[in-house]
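Structure assessment
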Amino acid sequence: EDQVTQSPEALRLQEGESSSLNCSYTVSGLRGLFWYRQDPGKGPEFLFTLYSAGEEKEKERLKATLTKKESFLHITAPKPEDSATYLCAVQVGGAQKLVFGQGTRLTINP
Amino acid sequence: SQTIHQWPATLVQPVGSPLSLECTVEGTSNPNLYWYRQAAGRGLQLLFYSVGIGQISSEVPQNLSASRPQDRQFILSSKKLLLSDSGFYLCAWSTHEAFFGQGTRLTVV
């Protein structure tokens, strides 16, 4: 069965304190790994797509990396506005269906 | 640019009442369309997806149904709501990455 596990469930950082979020996956044939940001009461906002091990993508203070078994979302010198839940998903099968992890709730204190 | 509209934003319905949530997409043709549900503190679960008009695939057995009467319109329905149908419902479209609407918070009382 395709599974995605994110850790930690919740993370509190001070402003400027860099850290990483983990997404480990078990799928039969990865077609893509996706990172989303979700603010409370809102729909997820697309951040990155990664397709193959060794691939990296960057956007402002965020950097996503991919290995054969996991992905990391690195956040460098975060600001309070980076506080959100970060969701990881893998594309499985046809029709671009996604299997999501539980998310990591990130809080950045000023 | 593409946009996705989902409504209503919040809904409180009594047990046993019908449901109809609507989603429309603008700025793209023949997208794949999806309905996801997010229970409190949990990840998103795929409920239905559609690769074309009238084509609906169900991922989990449940009290809900979906329809796609037009290329860019996707509807989630129920004839009789259960308490367990409460949750945050999200519509999404994809031609490669998936883009989500703002969601409907459904509370069944």
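Here, every reference points to the structure presented above.
These notes cover the structure that comes with them. (Residues numbered from 1 in each chain as written. Chains lettered and ligands numbered in written order. Predicted model: local features only at pLDDT ≥ 70, side-chain atom pairs only at ≥ 80, totals over all residues. Heavy atoms only, no water.)

Another aspect to go through is the state of the cysteines. Residues and elements named next belong to chain B. Within this structure, the stated rule accounts for two disulfides over all chains. The side chain of Cys23 participates in a disulfide bridge whose partner is Cys91; the two sulfur atoms lie 2.0 Å from each other. Judged by the torsion about the S-S bond (-75 degrees), the Cys23/Cys91 disulfide is left-handed. Taken together, the positions of Cys23 in strand β3 (residues 19-26) and Cys91 in strand β9 (residues 87-94) put the pair 68 residues apart, joining distant regions of the chain. The burial state of Cys23 is the same as that of Cys91; both residues are buried. (Disulfide = S-S within 2.5 Å. Helix = DSSP H or I, 4+ residues; strand = E, 2+ residues; numbered from the N terminus. Buried < 20%, exposed > 50% of the residue type's maximum accessible area, 1.4 Å probe, protein only.)

All names here are of chain A. Pairing is antiparallel across the open sheet formed by five strands, whose spatial order is β1-β3-β8-β7-β6. Each of the sheet's edge strands pairs with one partner strand only, and the pair in question is β1 (3-7) and β6 (56-59). Averaged over neighbouring strand pairs, the angle between their axes works out to 15 degrees when direction is ignored. The sheet contact formed by strand β7 (residues 62-66) and strand β8 (residues 70-75) spans five bridges and is antiparallel. Its bridge partner being in β8, Thr65 is matched across the sheet by Phe72. (Pairing = 2+ DSSP bridges. Axes fitted to C-alpha atoms, helices over the stretch in contact; angles between N-to-C directions.)

Before going further, it helps to spend a moment on the packing of aromatic side chains. Applying the stated criterion across every chain yields a total of ten aromatic pairs over all chains. Taking the centre distance of 5.7 Å and the plane angle of 65 degrees together, the rings of Phe46 of chain A and Phe99 of chain B count as edge-to-face. Highlighted residues: Phe46 of chain A in strand β5 (residues 45-50) and Phe99 of chain B in strand β10 (residues 98-100), drawn from two different chains. Here Phe99 of chain B falls in the partly exposed class, since its relative accessible area comes to 32%. Both rings, one in Trp35 of chain B and one in Phe74 of chain B, keep their centres 6.1 Å apart while their planes meet at 25 degrees; by these two values the pair is stacked. (Phe/Tyr/Trp six-rings, centres within 6.5 Å; stacked < 30°, edge-to-face > 60°.)

Here we come to the sheet that holds strand β8 (residues 73-78) of chain B. Residue and element names in this part refer to chain B. Within the open sheet, the four strands sit side by side as β1-β3-β8-β7. Their pairing is antiparallel. The sheet is open, and its two borders are formed by β1 (3-7) and β7 (65-70), each paired with just one other strand. Across this sheet, the average inter-strand angle for adjacent strands is 20 degrees, counted without regard to direction. Bridging between β1 and β3 involves five bridges; their strand directions are antiparallel. Within β3, the position partnered with His5 by the bridge is Thr24.

Moving on to the nonpolar core. Membership of the largest hydrophobic core comes to 24 residues, with the highest contact counts inside it found for Leu33, Trp35, Leu73 and Tyr86 of chain A. Looking at this core element by element, the count peaks at five residues for strand β9 (residues 84-92) of chain A. With residues near it in sequence (within four places) discarded, Leu73 of chain A still touches Ser19, Ser20, Leu21, Trp35, Phe48, Leu62, Lys63, Ala64 and Tyr86 of chain A. Of all hydrophobic cores here, the second largest spans 21 residues; its members include Val25, Trp35, Ala66 and Cys91 of chain B. (Core = buried A, V, L, I, M, F, W, Y, C linked by side-chain atoms within 4.5 Å. Contact = heavy atoms within 4.5 Å.)

This paragraph deals with the environment of Val108 of chain B. Mapped onto the elements of the fold, Val108 of chain B is located in strand β11 (residues 104-108). Filtering out sequence-adjacent residues up to four positions away, Val108 of chain B remains in contact with Gln13, Pro14, Val15, Leu81, Leu82, Leu83, Asp85 and Ser86 of chain B.

All we've got here are geometric facts, nothing functional implied.
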